[in-house]
Amino acid sequence: HRDLHSFPTRRSSDLTELFFFLQNTFEKFNFDFDNYKNSKLQIVKNFGKSISDRNVLYNSQTPVSRIVGDFVAGMTDEYAIEAFKEITFPKYII
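On a predicted model such as this, the values are computed, not experimentally measured, just so you know. (Residues numbered from 1 in each chain as written. Predicted model: local features only at pLDDT ≥ 70, side-chain atom pairs only at ≥ 80, totals over all residues. Heavy atoms only, no water.)

Asker: Pulling in residues and values, what's your account of helix H5 (residues 77-88)?
Answerer: Across its 12 residues, H5 extends 16 Å between first and last C-alpha, which sits within 8% of the 16 Å expected from 1.5 Å per residue. For H5, the set of buried residues is Ala80, Ala83, Phe84 and Glu86. Looking down the long axis of H5, one finds its buried residues gathered within 160° of arc, a one-sided arrangement. Among the exposed residues of H5, those oriented more than 90 degrees off its buried face are Asp77 and Glu78. (Helix = DSSP H or I, 4+ residues; strand = E, 2+ residues; numbered from the N terminus. Expected span 1.5 Å × (residues − 1). Buried < 20%, exposed > 50% of the residue type's maximum accessible area, 1.4 Å probe, protein only. Arc of directions from axis to C-beta.)

Asker: With reference to specific residues and values, describe unusual backbone geometry.
Answerer: The phi torsion of most residues other than glycine is negative, and most of the peptide bonds are trans. The backbone of Asn30 sits at a positive phi, close to 50°, despite the residue not being glycine. Mapped onto the fold, Asn30 is located in the loop between helix H1 (2-29) and helix H2 (33-37). In this structure Asn30 comes out as partly exposed when scored by relative accessible area, which is 38%.

Asker: Can you tell me about the nonpolar core, naming the residues and giving the values?
Answerer: General note: in soluble globular proteins, nonpolar side chains tend to be found buried as a group. One finds Leu22, Phe26, Tyr36, Ile43, Phe47, Ile51 and Met75 to be the most contacted residues of the largest nonpolar core, which totals 19 residues. Put simply, the parts of the chain that give this core at least two residues each are H1, H2, helix H3 (42-53), helix H4 (64-73) and H5. With five residues, the single largest contributor to this core is H4. Apart from the residues within four sequence positions on either side, Phe26 is in contact with Phe31, Tyr36, Phe47, Ile51, Val64 and Ile67. (Core = buried A, V, L, I, M, F, W, Y, C linked by side-chain atoms within 4.5 Å. Contact = heavy atoms within 4.5 Å.)

Asker: Any details on H4? Residues and values, ideally.
Answerer: Along H4, the residues that are buried comprise Val64, Ile67, Val68, Phe71 and Val72. An end-on view of H4 places all buried positions within 125° of arc, on one side of the element.

Asker: Mind laying out empty space enclosed by the protein, listing which residues take part and the relevant values?
Answerer: Tallied over the entire structure, the rule returns one cavity of 30 Å³ or more. Approximately 30 Å³ is the volume attributed to the largest cavity. For the largest cavity, the full set of lining residues is Ser50, Ile51, Arg54, Tyr58, Ile67, Asp70 and Phe71. Ranked by the residues each element gives to the lining of the largest cavity, the list is headed by H4, at three residues. Its residues assigned to classes, the lining of the largest cavity comprises four nonpolar, one polar and two charged. (1 Å grid on protein atoms, 1.4 Å probe; cavity = no way out; pocket = protein on both sides within 12 Å on 5 of 7 lines; lining within 4 Å. Points joined across faces, edges and corners; volume = space filled by probe spheres on them. Nonpolar A, V, L, I, M, F, W, Y, C, P; charged D, E, K, R; others polar.)

See the structure below:
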């Protein structure tokens, strides 16, 4: 079936978009953990906590791609899908 063949490519592009979102977030907030905590997005809060928890592993010389890659590598498929939805679909006020 046609949709079955496009599934891996679609998920791969979703993961790429999530990666770039987190990369941009890090470039914006860097090691300012209060900014992560104050975000409205849970994925940003979790990303900041992950960086904070591993702060001894990272410094200003650590490539952003490694910091983001470590976080993304630790995601379950379900978490990654929910994170992508959070950054992609707006929340409506009811």
